[in-house]
Structures are given as C-alpha cells and as structure tokens.
Amino acid sequence: MRKRLLGFTAAVMLAVLGAMSPGAQAATPTVTGPACVAGKGSVEYNAATGLWTCIDGTHNGETID
C-alpha cells in the first residue's frame, strides 16, 4: 500500500511540475525585432509567457529572436 501511495504522489508531483514549465519557451524564435517593425508590427513583451512577441503586421503572434 505504501508503494502505491508513494508512486501516486510522485506521479502527481511530476505532472504538476510539467504543467508549470511553459512550453512556449521551447519554441524557436521565428522573426527579429527589426523585421517585425518593417512588417508594420510592434514588438511587445508578454509577461505571461516571458517572451517578446510581434503584434500586428505580417508577423503577428510570432516570437522575437
């Protein structure tokens, strides 16, 4: 019984830690800041993801290198 409880607790802890690590940070940046501005967009920091993102323009929603 103790082994089951220990295994269940470990599985829950790993699941919680996996959910806490943002997957967006693993994404490869696709555009540079100057390219975003040249495409009539603006560069903004998204505090929720911790990434710089191109807003509007031709590169809308893409992460900044």
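Calculation criteria
- Residues numbered from 1 in each chain as written.
- Predicted model: local features only at pLDDT ≥ 70, side-chain atom pairs only at ≥ 80, totals over all residues.
- Heavy atoms only, no water.
- Helix = DSSP H or I, 4+ residues; strand = E, 2+ residues; numbered from the N terminus.
- Buried < 20%, exposed > 50% of the residue type's maximum accessible area, 1.4 Å probe, protein only.
- Contact = heavy atoms within 4.5 Å.

Trainee: How would you summarise the environment of Gly39 if you had to cite specific residues and measurements?
Mentor: Examined against the element boundaries, Gly39 turns out to sit in the loop between helix H2 (33-38) and strand E1 (42-46). By relative accessible area, Gly39 is classed as buried at 13%. Along the chain, Gly39 and His59 lie 20 residues apart, while their C-alpha atoms are 6.8 Å from each other. Excluding residues that lie within four positions of it along the chain, Gly39 makes contacts with Gly57 and Thr58.

Trainee: Give a description of unusual backbone geometry that names residues and reports values.
Mentor: Its identity is not glycine, yet Lys40 carries a phi of approximately 65°, on the positive side. For Lys40, the location among the structural elements is in the loop between H2 and E1. You can call Lys40 exposed: its relative accessible area is 73%. A positive phi angle, near 70°, is found at Asp56, a position not held by glycine. Here Asp56 shows up in the segment after strand E2 (51-55). Of the residues examined, Asp56 reaches a relative accessible area of 48% and is grouped as partly exposed.

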